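# Structural overview for review
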Amino acid sequence: MKQFLSFVKKEFYHIFRDHRTMFILLGMPVVQIIIFGFALTNEVKNSRIAVLDMAKDEASASLINELEASRYFEIEKYLLSYQEVEAEFKTGRIHMAVILPQNFSSDLLHLNTAQVQLIADASDPNMANTLTNYASAIIMDYLERITDGRKLPYTIKTEYRMLYNPQMKGAYNFVPGVMAMVLMLVCTMMTAITIVREKETGTMEVLLVSPVQPLKIVVAKAVPYMLLSMVNIATILLLSVFVLDVPINGSLLLLVLESILFTLTSLAFGLFISSVTNSQQTAMFISLTGMFLPTIMLSGFMFPIENMPGILQYISNVVPAKWYYIIVRSVMIKGTGLATVWKETLILFGMLLFLLFMSIKTFKIRLA
Amino acid sequence: MKAAVIAENLVKTYGTKKEVTQALKGVSFEVAPGELFGIIGPDGAGKTSLFRILTTLLLADSGRAEVDGFDVVKNYEDIRHRVGYMPGRFSLYQDLTVEENLEFFATIFNTTIEENHDLIKDIYAHIEPFKNRRAGKLSGGMKQKLALSCALIHRPTVLFLDEPTTGVDAVSRKEFWEMLRMLKSQGITILVSTPYMDEASRCDRVALVQNGAIMSINTPEGITCNYGKALVAVKAENMFRLLKDLKGFSGLVDSYPFGEYHHAVLKPGTTEEALLAYLQQQGHGQPELKTAKPDIEDCFIALMKTTS
């Protein structure tokens, strides 16, 4: 036990004395949360639009007001003729144009129907989609308000609710993703690198010719990274709750336990990499291509798995991050319990056992 | 008394099917308890492979070895408890201080610095003033002393030192050998490898290795006594031409540069006078000739010629 603690202490010295490692370990989660939270967001805020109001009546004016009052749109320009619309798009200043025809108010009141045209710049299809959706929602809202109390003949109203994330915040999606990524990076890559570094510098040679069981050496190296991962999980959760307003709807204990399970799986993978490689560069390369890229690409965090070709969908099943991502989303955002994520938990547990078995099997008690 | 280290016919091969390097070609020797045993040979002779097999870090292809009565394959754990090993490359933690390194190694060997302080105190005294310095910032000689302290911290029965004096200045080398003498007096068996022939005389016995095979095992005196040929040191104005002319003389077994002289090994029947006459005939004026006492390097060169 004393040996073990002395190893852990030594490992912390290594970490704290290397500022670059320190930054990667502790700065990374903060930086990622901030980048994803404020820069890399697909939410649309203050999008510039142009308005061509050919009616200039009471109803059109109040609808335009509604649009402007929302935080999604900012009216860049009022247009005077239909010809100006395309010219305005070509300047690239606006993303959408709203066109209200003549007699908007009277059509609405007397014919019970009126038309609004939304023209969006679909060179960015996602953005165009989001903007027209927002605008439609605002228009529907407005319509509901002015027709309040009155019955309209033959209208079908679609009513929708965005479950678990009514404001459609991107943070709900990327917080689980960033958690998976950071844990992966810290546990798999850093652990693999630090063990392989001992092989590279020759200290492993001295450690092997000592009474310490080789497996104990490796486990002792993993412990500090496990502790740091716990710190990282706490940082990410605190940042997401207090800075990004992402709530933890489910049980915090379950969330932490699942995170520990994922951390252990990542550590086991790191140990496996370290026992099959002999240079830091190879270890880094394997962790990046074998873990980091699949975590980003195939976990469902950046790109929906349902849209992928069949073969990639199959491959995505062996990426531990995919299952962890599903678990975190369920527990943290949807607020569900173990009853709904037991399958994913079991899969992660299976992966952990497999990776542990593999790393013990490939572990070498000698140099070669 | 049973030998402290026994190697029997050790063979080690590296490489794939395409390119095979034989690092050890059947090496056998025994080291008595308390002996200071030197393994002398140039780079690539197989010294490190041999040390790694004996310290249980590598498996030999064939042959067997025992350290302190334990088999290096079967009882590797027992060996790891009782030997000290200092690899050829500096293998301590560069980002830990001198004291932290020593403490760390003391703990993993289940001991404390205090417990064996008397064993290392003479060595550690040299580096104690720098105990708060990071190991990476020490000079070459200091690093070796720290590494030796760490290898000794658990009072090993057998100490393996792989090229401890390579890359160390002459003064530190001398100090280092004095430390080994001191450790020997404490009853520790020491195996030390070195590429420096002049260090052979400091060992009790030496094994001369070349290309993975032992050419000779003997005491340093024994090796030089077995030389059995007449050796002449020659010096002249033009040393370069002198060597060329020596090579051209049929009465010599061998000739090679040796410090400020050239050494010429005479064939039986060739006299110094005959050599002198030949050199004068070649226009070397009045070359200086003197009978030389063969040292380990001369023996090594001679052995290399006969084995190859």
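Sequence order as written defines the numbering, with residues in each chain counted from 1. Here the convention is simple: chains get letters from A, ligands get numbers from 1, in the order in which they are written. Totals for whole chains, interfaces and linings use all residues, but because this is a predicted model, local features are given only for residues with pLDDT of at least 70 and pairs of side-chain atoms are given and counted only at 80 or more.

## Some thoughts on the overall build of chain A
A helix here means a DSSP run of H or I that spans at least four residues, while a strand means a run of E at least two residues long, and both kinds are numbered starting from the N terminus. Across its full length, chain A holds 14 helices and four strands. Counting other C-beta atoms within 10 Å of a residue's C-beta gives its exposure: the residue is buried at 20 or more, exposed at 12 or fewer, and partly exposed in between, where C-beta atoms are placed from the backbone. Per-residue burial over chain A gives 35% buried out of 368 residues. Whether two residues are in contact depends on their C-beta atoms, placed from the backbone: they are in contact if these lie within 7 Å. Long-range pairs, those at least 24 residues apart, make up 79% of the contacts in chain A with a sequence separation of at least 6.

## Looking at the domain arrangement of chain B
All names here are of chain B. In this entry, domain limits derive from an automatic or database-based domain assignment. Per the domain assignment, the segments making up chain B are domain 1 (5–223) and domain 2 (227–307). Each partner contributes residues to the interface: domain 1 has 10 residues there, and domain 2 has seven residues. Elements represented by at least two residues in the side of domain 1 that touches domain 2 include exactly strand S9 (205–210), strand S10 (213–218) and helix H7 (220–225). The classification used treats Ala, Val, Leu, Ile, Met, Phe, Trp, Tyr, Cys and Pro as nonpolar, Asp, Glu, Lys and Arg as charged, and all other residues, Gly among them, as polar. Within the side of domain 1 that touches domain 2, the residues separate by chemical class into seven nonpolar, three polar and no charged.

## Some words on the interface of chain A and chain B
At the junction of the two partners, chain A supplies 21 residues and chain B supplies 23 residues. Those elements that provide at least two residues to the side of chain A that touches chain B are helix H1 (2–17) and helix H8 (203–208) of chain A. In terms of residue count, H1(A) provides more of the side of chain A that touches chain B than any other element does, seven residues in total. Grouping the amino acids of the side of chain A that touches chain B by side-chain chemistry returns eight nonpolar, seven polar and six charged.

## Description of the environment of Phe249(B)
Residues and elements named next belong to chain B. Within the secondary structure, Phe-249 sits in the loop between helix H8 (239–247) and strand S12 (252–258). Here Phe-249 falls in the partly exposed class, since 17 other C-beta atoms lie within 10 Å of it. Beyond its immediate chain neighbours, meaning those up to four positions away, Phe-249 contacts Leu-275 and Tyr-278.

## Re the confidence of the model for chain B
One confidence number per residue, pLDDT, is output by the predictor and ranges from 0 to 100. Model confidence for chain B is summarised by a mean pLDDT of 90, while 99% of its residues fall at 70 or above. Taken over the whole predicted complex, pTM reads 0.80, whereas the ipTM for its chain interfaces reads 0.86.

## Examining unusual backbone geometry
Residue and element names in this part refer to chain A. A positive phi angle, close to 50°, is found at Lys-56, a residue other than glycine. Along the polypeptide, Lys-56 turns up in the loop between strand S1 (47–53) and helix H3 (58–69). Lys-56 sits in the exposed class, given 11 other C-beta atoms within 10 Å.

## Quick notes on the sheet that holds strand S13 (residues 261–266) of chain B
All names here are of chain B. Any two strands with at least two DSSP bridges between them are considered paired. Taken together, the four strands give an open sheet; going across it, the order is S12-S13-S11-S14, and neighbouring strands pair in antiparallel fashion. Where the open sheet ends on each side, the last strands, each with one partner, are S12 and strand S14 (288–291). The average angle at which neighbouring strand axes cross in this sheet is 25°, direction not considered. Lines are fitted to the C-alpha atoms to define the axes, a helix being fitted only along its stretch in contact, and any angle between axes, read from their N-to-C directions, falls within 0 to 180 degrees.

## Observations regarding the environment of Leu237(A)
Residues and elements named next belong to chain A. Considering the arrangement of structural elements, one finds Leu-237 in helix H9 (residues 214–242). We classify Leu-237 as partly exposed; it has 19 C-beta atoms within 10 Å. Distance from Leu-237 to Val-175, taken between C-alpha atoms, is 8.3 Å for residues 62 residues apart in sequence.

## Concerning the domain arrangement of chain A
Much of the literature gives interface size as the accessible area that the parts lose upon coming together. For chain A, the domain assignment lists domain 1 (2–40 + 169–362) and domain 2 (47–146). Once you take the C-alpha centre of each, domain 1 of chain A and domain 2 of chain A turn out to be 47 Å apart.

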